[in-house]
Amino acid sequence: MRRSWRISAVCLIAALATLPALAEHTRFWRTTNYSDFERGTPKGVALWSDGKLVPAAAFGHFADPNVAYLWALRTNSKGQLYASGGSNARVFRFDNEGHPTTVFQSTELTAQAIVFDAHDNLYVGTSPDGKVYKVTPDGHSSVFFDPKTKYIWSLAIDHQGTVYVGTGDKGEIYAVTPSGKSALFYKSDERHIRALALDGKGDLIAGTDPSGLVIRIAIHRGAAGEPPTAGEAFVIYETAGQEITALSLGPRGDLYVASIGSKHGQESGTVSETTGTTFVFSAGPAGTGTTEQAASTQQQGATTPPPALTPLSSTPGGSHVYSIAPDGSPKLLWASRSDLVYSLGFSPAGRLLLGTGNSGEVIELEGDEIFSKIAETASGQVTGFASGPDGRVFLCTANPGKVFTLGPGIAQEGTFTSAAFDAGIFSRWGRLNWWGEGASQGQVTFYARSGNTSNPDKNWSHWYGPYATPQAEPVGCPPARFVQWKVEFHPKAGDVPSLSWVSLAYLPKNAAPAIDDVVMEDPGIRVRMIQIPQPAGAEIMRPVQLQMPHAGQIGPNRGVAPESTPATAAQFIPPPQGFRERGWQSVLWSAHDENGDQLEYSVYYRGEKEQTWKLLKKDLREPYFSWDTTTMPDGAYYLKIVASDAPSNPPAQALEDSRIGPRFVVDNTPPAISGLVARTATDDAVIEFSAKDPSSPLARAEYSFDAGPWTLVRPVGQLTDAPSESYNIQLKNLGPGEHTISVRVFDLYENSGIAKITFNVATSKPARR
């Protein structure tokens, strides 16, 4: 018995029929939006979220102090650049050429925060179990304040020189006067004060962990020489994140806030695994600072340096960046589920910069939720920003610790290489077209290459070009399945080009359609489209389950039709439904076309011993056909299905494929019944007859006695497996008089022959006494 598929297979057949009737004319590969461009590779080019490519700010390497991580950057009043990090805790000063000089070093693991006062005294906060050190301009260092707490996360200094120290794991802020006199300034309910800043009104702003709070604390000045005290503390915003990683005051007085992590499932009062720029310190051997993991390795005698940052997976929830206006109103500027924001800064134009991980990228926000990845470092995280006196912006990184520069101008050369495009099949390449502001004035040049592997490599063609004018000439790369383009930017002074979309024409080679499977339904089944319910009183046709062909592959149908070509709506063909109808035969098939062309079908037939195929039906758009076999002589036949892509191609380029279906038999002649006789005896009768079918084996025989129900009867040999059979019916205890018996015989195709005979049964003799 043929394999039977359920309605899901029917839907697959319908899907094959819904391919749009796209002619195999020129198609276009278009790169038009952010998601399209994002798959490419920029170098010296910025991709904005509104889908524009522009030359990025000049970006370059500045210094490599040969440390695992740098956490903070600051410049003094002379414009000299300083960076702090580890391990162990160190602070570097860089000259104009980027050469580092160590100006501070201690035994703690890292120098987490640094700040300058008006006299260029440098204050350094170290962790874990660290202190605040003071480094004078002449290089003398000393302990300035010892909070006797686990972590020192952040430092801030006001115009009177008071240093504010944000600590953990008790969530305390200390105030230390220039003379070194200290006092507990504020005790929070949080575990960590992760960031500190002073707003335009002179109030202290604190960012916390694990609740992700932004708290404004009023500063009350005491007697001369005494540390200030905290006034009212007010939560101005609770972020969606768990940890505030950065606070920065903008040029217009807006406060910018970065938070990471998620508070979902975080128990109140517990410490995040990612607290403290995503790693947790623990005390190591005496005189050293080490992370928990480093402590473990040192106990085992390992000498490898401690890790700096935990993986991204350790900080679920991504990050959020907000602005808080001077009146306290917040606004979400940017969010990401994958990038983590570790630092905030400003470009020379006043745009907000985000230092992210764990891919070491710099993101610039323009407003109206428009952003761009303007630089990518070779490090894992961008951890700090500082503005230089010459318009440059410095940034520091971790894993490894390096210093880079942004600006002040744009990159003089930039390239963007697209992802490889898969045309699906072997194709010829046409003209490149593009558009953008200034992009057609010689400031951009294109190149193209092609190949037959999914990853561009040395086995692809070389780069063909340059192409400086849109649609000027076809690209020169050879026909292939894959193609790629590259654009080079050449900005002129005061004129920065942008690129908004790129289009490459291509013509796939026409491939012949393929018929995947042909299935002949059982005789007596007619296939129709599913119709709306029939009106009341109409004959009810009960559906039967069809045997479905294996579904073929749907062509890739990549690219789009030309704008000048009217759009062709997909032709929807409902799945077929089968019904019982004597004398009908149905065939179903599946086919696919690599080009996604619309297909049309022809059905041919021939007898088993014949040589010539005869047309049964042509111009079919549905992958099935039913016909009335009473127009054909009985016998064995074959069908041939021919699929053509002519609806989608010029006549000279149309291709076709054919497939011969399984053998099937047409049998519309009923079996003949002969030799029907009735032999009677007292109260009994024996009915004998024979049946024969000219084309197929018999299926079953039945009899009806005196118009009673039909009763199955087996042949003399018990098995019904031959075109002719003999039957013997034994009837017992019949009443006297006339009786009628009808017999009917069916063949495999439900053709039936019927006959009857009337006979008499004599009255039985009375029994002797």
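Remember, predicted model here, so these are calculated numbers, not experimental data.

A. Spatial organisation of the overall build of the protein. Tallying secondary structure elements over the protein gives 4 helices and 56 strands in all. When the 769 residues of the protein are sorted by exposure, 50% land in the buried category. The long-range fraction of contacts in the protein, counting pairs at least 24 apart against all pairs at least 6 apart in sequence, stands at 61%. With the model as given, the accessible surface of the protein reaches about 35,800 Å², and the carbon-plus-sulfur share is 49%.

B. Summary view of the pattern of salt bridges. Scanning the model with the defined rule gives 23 salt bridges in all. With a shortest N-O distance of 3.4 Å, Lys148 and Asp146 are connected by a salt bridge. Owing to a relative accessible area of 69%, Lys148 belongs among the exposed residues under this scheme. When its relative accessible area of 30% is taken as the criterion, Asp146 is described as partly exposed. For Arg351, the salt bridge goes to Glu366, with nearest N and O atoms at 3.2 Å. Separated by 15 residues along the polypeptide, Arg351 in the loop between β27 (340-346) and β28 (352-357) and Glu366 in strand β29 (residues 361-367) bring together distant segments of the chain. Overall, Arg351 belongs to the partly exposed group, its relative accessible area being 30%. The exposure class assigned to Glu366 is partly exposed, which follows from its relative accessible area of 42%. Here the salt bridges share partners, and the residues they tie into one network are Arg700, Glu702, Arg744 and Glu750.

C. Spatial organisation of empty space enclosed by the protein. The tally for this structure, following the rule as stated, stands at 2 cavities of 30 Å³ or more. In terms of lining residues, the second largest cavity is bounded by Leu432, Trp434, Tyr467, Thr469, Gln471, Ala472, Glu473 and Val475.

D. Here's a closer look at the sheet that holds strand β40 (residues 525-529). If you walk across this open sheet you meet the 3 strands as β40-β42-β41, and the pairing is antiparallel. A strand with exactly one partner marks an edge of an open sheet, and here the two such strands are β40 and β41 (543-544). Of the pairings in the sheet, the one linking β41 to strand β42 (residues 576-580) comprises 2 bridges and is antiparallel in character. Residue pairing in the sheet places Pro543 in a bridge with Phe579 of β42.

E. Looking closely at the layout of surface pockets. In this model, the largest pocket occupies a volume close to 1,100 Å³. For the largest pocket, the lining is made up of 37 residues, of which Leu73, Arg74, Leu196, Leu247 and Phe385 are closest to its centre. The set of elements that each furnish at least two residues to the lining of the largest pocket consists of β5 (57-75), β9 (110-116), β13 (151-157), β17 (192-198), β21 (243-249), β27 and β31 (381-387). Of the residues assigned to the lining of the largest pocket, the class counts are 24 nonpolar, 11 polar and 2 charged.

F. Inspection of the pairing of strand β46 (residues 624-628) at higher detail. Burial within β46 is extensive, with 4 of its 5 residues counted as buried. Of the pairings in the sheet, the one linking strand β43 (residues 584-592) to β46 comprises 5 bridges and is antiparallel in character. Following the sheet pairing, Trp584 is matched in β46 by Asp628.

G. Quick peek at the nonpolar core. Grouped together as the largest cluster of nonpolar side chains are 41 residues, with contacts concentrated most on Leu344, Leu354, Trp429, Phe446 and Leu499. Leu499 has contacts with Gly51, Lys52, Leu53, Trp434, Trp435, Gly436, Ala439, Phe446, Val487 and Phe489, leaving out every residue within four places of it along the chain.

H. Structural detail: the packing of aromatic side chains. Applying the stated criterion across every chain, the model contains 28 aromatic pairs. The ring of Trp153 has Arg194 sitting right over it, with the charged end atom 4.9 Å from the ring centre. A cation sits over an aromatic face here: Lys486 above Trp463, 4.6 Å from the ring centre.

I. View of the side chain of Thr417. Along the chain, Thr417 falls in strand β33 (residues 414-417). Contact partners of Thr417, with chain neighbours within four places excluded, come to Gly40, Thr41, Trp463, Gln484, Trp485 and Lys486.

J. View of unusual backbone geometry. Following Asp209, the chain continues into Pro210 via a peptide bond in cis, with omega recorded as 15 degrees. Examined against the element boundaries, Pro210 turns out to sit in the loop between β18 (204-209) and β19 (213-220). In the segment running from Gly407 into Pro408, the intervening peptide bond is cis, with an omega of 5 degrees. Mapped onto the secondary structure, Pro408 falls in strand β32 (residues 393-410). At Gln471, a residue that is not glycine, the phi angle is positive and equals roughly 60 degrees. Within the secondary structure layout, Gln471 lies in the loop between β36 (464-467) and β37 (480-489).

K. Highlighting the sheet that holds strand β39 (residues 514-520). Strand order in the open sheet made by the 3 strands is β39-β43-β46, with antiparallel pairing throughout. Two strands in the sheet have a free side with no partner beyond their single neighbour: β39 and β46. Within this sheet the neighbouring strands show an average axis-to-axis angle of 20 degrees, counted without direction. When β39 meets β43, the two strands line up antiparallel, connected through 6 bridges. Opposite Asp517, over in β43, you have Ser590 as the bridge partner.

L. Structural detail: the side chain of Ser461. One can find Ser461 in the loop between β35 (444-451) and β36. In this structure, Ser461 is in contact with Arg449, Ser450, Cys477 and Pro478, ignoring residues within four places of it in sequence.

M. Layout of the environment of Ser658. Residue placement: Ser658 occurs in strand β48 (residues 656-660). Spatially, the C-alpha atom of Ser658 lies 5.4 Å from that of Ile641, the residues being 17 residues apart in sequence.

N. Focus on the environment of Tyr237. Relative to the helices and strands, Tyr237 is located in strand β20 (residues 229-238). For Tyr237, a relative accessible area of 23% translates into the label partly exposed. Taking the C-alpha atoms as reference points, Tyr237 and Gly212, separated by 25 residues in sequence, lie 8.7 Å from one another. In this view, Tyr237 contacts Gly212, Leu213, Val214, Tyr322, Ile324 and Pro330; residues no more than four positions away in its chain are not counted.

Thresholds, definitions, all that
Position numbers for residues count from 1 along each chain, tracking the sequence in the order it is written. Residues qualify for local features only when their pLDDT is at least 70, as the model is predicted, and side-chain atom pairs are given and counted only at 80 or more; totals for whole chains, interfaces and linings, by contrast, use all residues. For side-chain calculations, the full set of non-hydrogen atoms in the structure is used, while hydrogens and water are omitted. In this description a helix means any DSSP run of H or I spanning at least four residues, a strand means any run of E spanning at least two, and both kinds are numbered starting from the N terminus. Burial status follows relative accessibility: with a 1.4 Å probe on protein chains alone, a residue under 20% of its type maximum counts as buried, one over 50% as exposed, and anything between as partly exposed. Any pair of residues with heavy atoms lying within 4.5 Å of one another is described as a contacting pair. The Shrake-Rupley method, run with a 1.4 Å probe, gives the accessible areas here. Residue values count only the displayed protein chains as cover. By convention in these notes, a salt bridge is any Lys or Arg side-chain nitrogen within 4 Å of a carboxyl oxygen on Asp or Glu. In this analysis the probe radius is 1.4 Å and the grid spacing 1 Å, with only protein atoms considered; a cavity is a set of points the probe fits into but cannot get out of, a pocket is an open set with protein on both sides within 12 Å along at least five of seven lines, and lining residues have an atom within 4 Å of a point. Grid points are joined across faces, edges and corners, and a volume is the space filled by probe spheres set on the points. When DSSP locates at least two bridges between a pair of strands, those strands are taken to pair. Amino acids outside the nonpolar list (Ala, Val, Leu, Ile, Met, Phe, Trp, Tyr, Cys, Pro) and the charged list (Asp, Glu, Lys, Arg) are all regarded as polar, and Gly is one of them. In this text, buried Ala, Val, Leu, Ile, Met, Phe, Trp, Tyr and Cys residues form a nonpolar core when linked through side-chain atoms within 4.5 Å. To pair, rings of Phe, Tyr and Trp, with the six-membered ring standing in for Trp, must have centres within 6.5 Å; the planes then decide the type, stacked if under 30 degrees apart, edge-to-face if over 60, and tilted in the middle. Both a distance and an angle decide whether a charge sits over a ring: NZ of Lys or CZ of Arg must be within 6 Å of the ring centre and within 35 degrees of the ring normal. Angles run from 0 to 180 degrees between N-to-C directions of axes, and those axes are lines fitted to C-alpha atoms, restricted for helices to the stretch in contact.

Don't take any of this as a statement about function, it's just geometry.
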